[in-house]
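# Analysis of the macromolecular model
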Amino acid sequence: MWQDVGMKAIPLTSRQRIIHLYEQGKSTRDIAEYLGFCVAAVRRVRQQFKQRGTLQPRTHLCGRKTLLTPGRKAHLQKLVAAQPDATLAELGSRLDRPFRTSTMDLWLRRLGLTFKKNATRRRAKPSRRGQTAGALA
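The sections below set out a description of the structure shown in this document. In this text the structure is predicted, and so the values were computed from the model without any measurement. (Residues numbered from 1 in each chain as written. Predicted model: local features only at pLDDT ≥ 70, side-chain atom pairs only at ≥ 80, totals over all residues. Heavy atoms only, no water.)

Moving on, we get to the packing of helix H1 (residues 12-23) against helix H2 (residues 28-35). Between H1 and H2, the least distance of the axes is 10 Å, while the angle of their chain directions is 145 degrees. Two packed elements cross with a definite hand, and for H1 against H2 that hand is right-handed. Contact residues: H1 offers Ser14, Arg17, Ile18, Leu21 and Tyr22, while H2 offers Thr28, Ile31, Tyr34 and Leu35. Partitioned by chemical class, the residues of the contact of H1 with H2 number six nonpolar, two polar and one charged. (Axes fitted to C-alpha atoms, helices over the stretch in contact; angles between N-to-C directions. Helix = DSSP H or I, 4+ residues; strand = E, 2+ residues; numbered from the N terminus. Left-handed = near helix turned anticlockwise from the far one by under 90°. Contact = heavy atoms within 4.5 Å. Nonpolar A, V, L, I, M, F, W, Y, C, P; charged D, E, K, R; others polar.)

What follows is the structure in structure tokens.
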């Protein structure tokens, strides 16, 4: 009766129960079977509690770290201030290493910088795909 928790953190209430059962003298295997976790997960909760002194999961340390360092952030803001009409590709090529346009778009949005669309290039009305002139629906 093993529970697949994937990469999610074990809930705080379950962590508290694990430590409580350890304090009652239960074995790791008994706790794992009782709560439905694997033995390694139960052992890891106890080890982390001993090391850190808290049961709070450290989920803020998970995931990919951003490449938008404070130095790059400041440099990007200077580039945009110097040339507000620069394209995403131009901005990406002017940093310390080249970045793709999708990355530049994401970073500018995070910085709260947006771009204004050119009104003359916008369509006056939506295109009518698959319909001929005068055809009834």
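Where charged atoms of side chains with opposite charge meet at close range, the side chains can pair. Counted according to the given criterion, the structure contains two salt bridges. Two residues, Asp96 and Arg72, come together in a salt bridge whose shortest N-O distance is 2.9 Å. Of this pair, Asp96 sits in the loop between helix H5 (88-93) and helix H6 (101-110) while Arg72 is found in helix H4 (residues 70-82), placing the two residues 24 residues apart along the sequence. Asp105 is paired through a salt bridge with Arg109; the nearest N and O atoms lie 3.1 Å apart. Of the two residues, Asp105 and Arg109 both sit in helix H6, four residues apart, roughly one turn of that helix. Judged by relative accessible area, Asp105 falls into the partly exposed class, the value being 23%. (Salt bridge = Lys/Arg side-chain N within 4 Å of Asp/Glu carboxyl O. Buried < 20%, exposed > 50% of the residue type's maximum accessible area, 1.4 Å probe, protein only.)

So, about H2. It helps to recall that an α-helix has 3.6 residues per turn; residues three or four apart then point in one direction. Burial in H2 covers these residues: Thr28, Ile31, Ala32 and Leu35. The arc enclosing the buried residues of H2, seen along the axis, measures out at 100 degrees, which places them on a common side. Opposite the buried face of H2, at more than 90 degrees from it, the exposed residues are Arg29, Glu33 and Tyr34. Here the buried face of H2 lies against H1 and helix H3 (39-52). Positive phi shows up at Gly36, right after H2, with a value of about 85 degrees. (Arc of directions from axis to C-beta.)

A few words on the packing of aromatic side chains. Under the counting rule described, the total for this entry stands at one aromatic pair. In this arrangement the basic side chain of Arg46 is found over the ring face of Tyr22, its NZ or CZ atom lying 4.3 Å from the centre. (Phe/Tyr/Trp six-rings, centres within 6.5 Å; stacked < 30°, edge-to-face > 60°. Lys NZ or Arg CZ within 6 Å of the ring centre and 35° of its normal.)

Considering the arrangement of structural elements, one finds Thr28 in helix H2. By relative accessible area, which is 17% here, Thr28 ends up buried. Within polar-contact distance, the side chain of Thr28 engages the side chain of Tyr22 at 2.7 Å. With residues near it in sequence (within four places) discarded, Thr28 still touches Tyr22, Val39, Val42 and Arg43. (Polar contact = N/O pair within 3.5 Å; in protein donor to acceptor, adjacent residues only side chain to side chain.)

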